[in-house]
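# A closer look at the structure
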Amino acid sequence: MAHFEKTLSSEELFCGRVIRVTLDKVELENGRTSTREVVHHHGGAGIVALNEKGEVYLVRQYRYALDKELIEIPAGKLEKGEDPFEAAKRELGEEAGLQADTYVDLSPMIPTCGYCSEIIYLYAAKDLHPVGQHLDEDEFLSVFTLPLDEAVEKVLSGEIVDGKTCTALLKVKALRDAGRF
C-alpha cells in the first residue's frame, strides 16, 4: 500500500525571490488531520567536473545562512521551468570557466524531504576545455582542483559537508571505480 497525505488547505506565509513558504492542513491515512510547513523551491543543479589528471573542480564559497565558507561543486538554483541539465552546464561555465564534451546524469537528490520541495539535479562532466569564468555580479567564490580520491577523503572526514557535493563526489567515485566514468 502506498502511503499518502491529502492536502485540505494551503496558506501562503511568505513569498520571496528564492523560496515560498506555506502552512498546509492535511488529512492523514488514518483520517486525522495535521499541519505541514512547506518550503517551496524551484530546485538546483550541480556538476562534478573531472579533468584528465583525475582531479575535480571545486569552489570555496561563503554561505550566509551558516556563516561559514563551504567547499562545493559548481552549482546553482533553477529558474522556474529551467531545464536542469542546461542549468548544470551553465553553472560549470559561470563558476569554473569550463565546458565539457562528455556528460553523465548522476540522478537527482532530495536534500531535505521533511519540509522542503527542493530537488537538486546532479551531473558529471569530463573531456573539459576552458571557456572563461563569468560569475554573477553578486557571486564571490574561488575555484580549485583536488584529486577525486582526496576530495572523497574530505567528504569522509567531514571537511566537505555540503549535501549535493558529498552525494555527487561519492557517486562519481563509485562510477569511476566501476569503470563506468
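This write-up is about the structure you can find in this document. Owing to the predicted nature of the structure, the values given are computational and were not obtained by experimental measurement.

## Regarding the side chain of Thr-165
You can see Thr-165 is positioned in helix α3 (residues 163-177). Beyond its immediate sequence surroundings of up to four residues, Thr-165 is in contact with Leu-58, Ile-71, Glu-72, Ile-73 and Ile-160.

## So, the pairing of strand β4 (residues 44-49)
For β4, the tally of buried residues reaches six of six residues, placing the bulk of the element in the interior. In β4, alternate side chains face the same way, and those of Gly-44, Gly-46 and Val-48 on one face and Ala-45, Ile-47 and Ala-49 on the other are all buried. Pairing of β4 with strand β7 (residues 75-77), which is carried by three bridges, proceeds in the antiparallel orientation. Residue pairing for β7: Ala-45 is matched across the bridge by Gly-76. Bridge count between β4 and strand β9 (residues 120-130): six bridges; the pairing is parallel. Counted as the bridge partner of Ala-45 is Tyr-121 from β9.

## Digging into the packing of aromatic side chains
Counted under the stated rule, the structure contains two aromatic pairs. Aromatic side chains Phe-85 and Tyr-103 sit 5.1 Å apart centroid to centroid with 85 degrees between the ring planes, which places their arrangement in the edge-to-face category. One end of the pair, Phe-85, is in helix α1 (residues 84-96); the other, Tyr-103, is in strand β8 (residues 98-109), and 18 residues separate them in sequence. Between Phe-85 and Tyr-123, the aromatic rings sit 5.3 Å apart at their centres with planes inclined by 50 degrees, giving tilted as the arrangement. Here Phe-85, found in helix α1, pairs with Tyr-123, found in strand β9; they are 38 residues apart in sequence, far enough to count as distant.

About the thresholds
Residues numbered from 1 in each chain as written. Predicted model: local features only at pLDDT ≥ 70, side-chain atom pairs only at ≥ 80, totals over all residues. Heavy atoms only, no water. Helix = DSSP H or I, 4+ residues; strand = E, 2+ residues; numbered from the N terminus. Contact = heavy atoms within 4.5 Å. Buried < 20%, exposed > 50% of the residue type's maximum accessible area, 1.4 Å probe, protein only. Pairing = 2+ DSSP bridges. Phe/Tyr/Trp six-rings, centres within 6.5 Å; stacked < 30°, edge-to-face > 60°.

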